[in-house]
Amino acid sequence: MAAALVNVPAKAKRGAVIEIKTLMSHVMEPGYRHTAAGEVVPRDIVTSFTCKFNGSEIFRADLFPAVAANPFLSFFTTASESGRFELEWIGDNGFVANASAVITVE
């Protein structure tokens, strides 16, 4: 079961640069290993991450097998208005996880 941790400041001054940190707990399988019977273990990774603020995309990343079993991402944006961050992770085998965070800009 995947779980997301999101760290967004609850409040910020208008125009301040803020840091957003995310950690997705996901069991990664790069697709390079074999079972004892010699069969390839199918790849199962998080392949992309998107962050939207009030409906507009502000950050996107494509992820690959060597990134991490539990991808950690940190990025910056400017606090321009109060609103909601919507975060989405997409992966192999139909994996989709979502999280959100609210910020108040003063």
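A quick note: this is a predicted structure, and the numbers were derived from the prediction, not measured.

**With respect to the overall build of the protein**
Looking only at helices and strands, one finds zero helices and eight strands in the protein. When the helices and strands of the protein are read in sequence order from the N terminus, they spell out β-β-β-β-β-β-β-β. The C-alpha radius of gyration of the protein comes to 16 Å, more than 25% above the 13 Å expected for a compact globule of 106 residues. Considering only C-alpha atoms, the protein reaches an extent of 60 × 20 × 20 Å along its principal axes. When each of the 106 residues of the protein is scored for burial, the buried share is 34%. Carbon and sulfur atoms form 54% of the exposed surface of the protein, whose accessible area is close to 6,300 Å². Distance between charge centres in the protein, computed from 9 positive and 11 negative side chains, equals 9 Å.

**Comments concerning unusual backbone geometry**
The phi dihedral of Asn 54 is positive, around 50°, even though this residue is not glycine. Residue position: Asn 54 is located in the loop between β4 (46-53) and β5 (56-62). A positive phi angle, near 60°, is found at Asn 93, a position not held by glycine. Mapped onto the elements, Asn 93 comes out in the loop between β7 (83-91) and β8 (96-105).

**Focus: the UniProt feature "domain: Sulphur oxidation protein SoxZ" (unreviewed entry) in the protein**
In this structure's numbering, the residues bearing the UniProt feature "domain: Sulphur oxidation protein SoxZ" (unreviewed entry) are residues 9-100. Between the C-alpha atoms that bound residues 9-100 the distance is 12 Å, and the span itself is 0% helix and 51% strand.

**Comments concerning the environment of Glu 88**
Structurally, the position occupied by Glu 88 is in strand β7. With a relative accessible area of 28%, Glu 88 lands in the partly exposed category. Separated by 12 residues in the primary sequence, Glu 88 and Ser 100 place their C-alpha atoms 8.8 Å from one another. When near neighbours in sequence (up to four residues on either side) are disregarded, Glu 88 contacts Ser 48, Phe 49, Thr 50, Val 96, Ala 97 and Asn 98.

**Considering the pairing of β7**
Examined bridge by bridge, β4 and β7 share seven bridges and lie antiparallel to one another. Bridge pairing in β7 places Phe 53 opposite Phe 85. When β7 meets β8, the two strands line up antiparallel, connected through eight bridges. Among the inter-strand pairings, Gly 83 is bridged to a residue of β8, identified as Ile 103. In textbook terms, the turn of a hairpin is the stretch between consecutive antiparallel strands, and for β7 and β8 this stretch comprises four residues, one of which, Asn 93, has a positive phi near 60°.

The rules behind these values
Residues numbered from 1 in each chain as written. Predicted model: local features only at pLDDT ≥ 70, side-chain atom pairs only at ≥ 80, totals over all residues. Heavy atoms only, no water. Helix = DSSP H or I, 4+ residues; strand = E, 2+ residues; numbered from the N terminus. Rg over C-alpha atoms; globule rule 2.2 N^0.38 Å. Buried < 20%, exposed > 50% of the residue type's maximum accessible area, 1.4 Å probe, protein only. Areas by Shrake-Rupley, 256 points an atom, 1.4 Å probe, with all protein chains shown as cover. Lys, Arg positive; Asp, Glu negative; His and termini not counted. Charge placed at Lys NZ, Arg CZ, Asp CG, Glu CD. UniProt positions renumbered as here; feature names shortened; annotations may be inferred. Contact = heavy atoms within 4.5 Å. Pairing = 2+ DSSP bridges.

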